[in-house]
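# Inside the fold
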Amino acid sequence: RKEVEQDPGPFNVPEGATVAFNCTYSNSASQSFFWYRQDCRKEPKLLMSVYSSGNEDGRFTAQLNRASQYISLLIRDSKLSDSATYLCVVYNQAGTALIFGKGTTLSVSS
Amino acid sequence: DVKVTQSSRYLVKRTGEKVFLECVQDMDHENMFWYRQDPGLGLRLIYFSYDVKMKEKGDIPEGYSVSREKKERFSLILESASTNQTSMYLCAIRTQGGNQPQHFGDGTRLSIL
């Protein structure tokens, strides 16, 4: 099993749609989880941390299921500007290094 | 705001050259990281540093070395550049200890001819 696995997509959705991305991780001892966003030919930028109880930031909701080792990101009311690659990121057990998924590509069209 | 500055956005070098990629941060953060990103492979950790003169190997250190003589600067060195080191190189800092998120510089697109 790969350390962090994501559906690469692409997800093609119309403006206003709700879209969900999923991610699984292999190390049950991982403690910290994040979603990053990366635009084409740019650096990754932190979108949000993922907390055990689930958390929301505007149109974005992140969920963590430790039992299933599963993380999700829900985007409501998609905007054109949401088009990007979304990276699921997990700290290794020692907390020394981030492990990145390969990303899920989202394309929002008008 | 966190500021991570990489010395070059684009760089073209020749096979066999010694290449230096510089990363500078302005907030006295201790933890600094170098990654490379390649299509289909995602981001992979090359080296990281917890403090001045300290370094740790990441997942793919072969062909690279690093230098951290001052807290604000973390340099990645390609000892003898090869074409398979053509990549996007990203420097990151961690703002606090523990499992905090990392923040990236703009990246350097390095081409080795």
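Structure first, text after, so check above.
The paragraphs below set out a description of the structure included in this document. (Residues numbered from 1 in each chain as written. Chains lettered and ligands numbered in written order. Predicted model: local features only at pLDDT ≥ 70, side-chain atom pairs only at ≥ 80, totals over all residues. Heavy atoms only, no water.)

## With respect to the interface of chain A and chain B
Interface size, as often reported, equals the accessible area lost upon joining of the parts. Contacts between the two partners involve 18 residues from chain A, matched on the other side by 25 residues from chain B. Taken together, both faces of the contact between chain A and chain B bury some 1700 Å²; the carbon and sulfur share is 52%. Here chain A is connected to chain B by 0 salt bridges. Secondary-structure elements contributing two or more residues to the side of chain A that touches chain B are strand S4 (33-38), strand S9 (84-91) and strand S10 (98-100) of chain A. (Contact = heavy atoms within 4.5 Å. Buried area = accessible area lost by both parts, 1.4 Å probe. Salt bridge = Lys/Arg side-chain N within 4 Å of Asp/Glu carboxyl O. Helix = DSSP H or I, 4+ residues; strand = E, 2+ residues; numbered from the N terminus.)

## Side note on the pairing of strand S11 (residues 108-112) of chain B
All names here are of chain B. Taking every second residue as pointing to the same face, the buried face of S11 carries Thr108, Leu110 and Ile112, while none of Arg109 and Ser111 on the other face is buried. When strand S2 (residues 10-13) meets S11, the two strands line up parallel, connected through 4 bridges. Residue pairing for S11: Val12 is matched across the bridge by Ser111. Where strand S9 (residues 87-94) lies against S11, 3 bridges are found, and the strand directions are antiparallel. When the bridges of S11 are listed, Ser87 appears paired with Leu110. (Buried < 20%, exposed > 50% of the residue type's maximum accessible area, 1.4 Å probe, protein only. Pairing = 2+ DSSP bridges.)

## Thoughts on the sheet that holds strand S6 (residues 55-57) of chain A
Residues and elements named next belong to chain A. The strand order across the open sheet formed by 5 strands is S1-S3-S8-S7-S6, and the pairing between neighbours is antiparallel. Edge strands, defined here as strands with exactly one partner in the open sheet, are strand S1 (4-6) and S6. If you compare each strand with its neighbour and ignore which way they point, the axes differ by 20° on average. Where S6 lies against strand S7 (residues 60-65), 3 bridges are found, and the strand directions are antiparallel. Residue pairing across strands places Asn55 opposite Ala62, the latter belonging to S7. (Axes fitted to C-alpha atoms, helices over the stretch in contact; angles between N-to-C directions.)

## Some details on the packing of aromatic side chains
Counted by the stated rule, this structure contains 14 aromatic pairs over all chains. Both rings, one in Phe100 of chain A and one in Phe104 of chain B, keep their centres 6.0 Å apart while their planes meet at 65°; by these two values the pair is edge-to-face. Taken as a pair, Phe100 of chain A in strand S10 and Phe104 of chain B in strand S10 (residues 102-104) lie in two separate chains rather than in one. For the pair formed by Phe100 of chain A and Phe104 of chain B, the shared burial category is buried. Ring geometry for Phe48 of chain B against Tyr50 of chain B: centres 5.3 Å apart, planes inclined by 70°, an arrangement best described as edge-to-face. (Phe/Tyr/Trp six-rings, centres within 6.5 Å; stacked < 30°, edge-to-face > 60°.)

## What to know about the state of the cysteines
Residue and element names in this part refer to chain A. Going through the model one piece at a time under the given rule, you end up with 2 disulfides over all chains. For Cys23, the disulfide goes to Cys88, at an S-S distance of 2.0 Å. Note on the Cys23 and Cys88 pair: the S-S dihedral is about -75°, so by sign convention the disulfide is left-handed. Placement of the pair is Cys23 in strand S3 (residues 19-25) and Cys88 in strand S9, with a sequence separation of 65 residues. No difference in accessibility class separates Cys23 from Cys88, as the two residues are buried. (Disulfide = S-S within 2.5 Å.)

## Notes on the nonpolar core
Within the largest apolar cluster, 24 residues are counted, with the highest numbers of intra-cluster contacts made by Phe21, Trp35, Ile71, Leu73, Ile75, Tyr86 and Leu106 of chain A. Among the elements of the structure, S3, S4, strand S5 (45-50), S7, strand S8 (70-75), S9 and strand S11 (104-109) of chain A are those that each provide at least two residues to this core. Other than its neighbours up to four places away in sequence, Tyr86 of chain A contacts Gln6, Phe21, Trp35, Tyr36, Arg37, Leu47, Leu73, Ile75, Gly103, Thr104 and Leu106 of chain A. With 21 residues, the next largest nonpolar core counts Leu76, Leu78, Tyr89 and Ile93 of chain B among its residues. (Core = buried A, V, L, I, M, F, W, Y, C linked by side-chain atoms within 4.5 Å.)

## Remarks on the layout of surface pockets
As a volume, the largest pocket reaches approximately 460 Å³. Around the largest pocket sit 23 residues that line it, and Gln38 of chain A together with Gln37, Asp38, Pro39 and Arg109 of chain B are the ones nearest its centre. Top element by residues in the lining of the largest pocket is S11 of chain B. It accounts for 3 residues. Its residues assigned to classes, the lining of the largest pocket shows 6 nonpolar, 11 polar and 6 charged. (1 Å grid on protein atoms, 1.4 Å probe; cavity = no way out; pocket = protein on both sides within 12 Å on 5 of 7 lines; lining within 4 Å. Points joined across faces, edges and corners; volume = space filled by probe spheres on them. Nonpolar A, V, L, I, M, F, W, Y, C, P; charged D, E, K, R; others polar.)

## A look at the pattern of salt bridges
Residue and element names in this part refer to chain A. For the coordinates displayed, the defined rule picks out 10 salt bridges over all chains. A salt bridge links Glu56 to Arg76; the shortest N-O distance between them is 3.6 Å. Residue Glu56 is found in strand S6, and its partner Arg76 is found in the loop between S8 and S9; the two are separated by 20 residues along the sequence. Residue class for Arg76 comes out partly exposed when judged on its relative accessible area of 26%.

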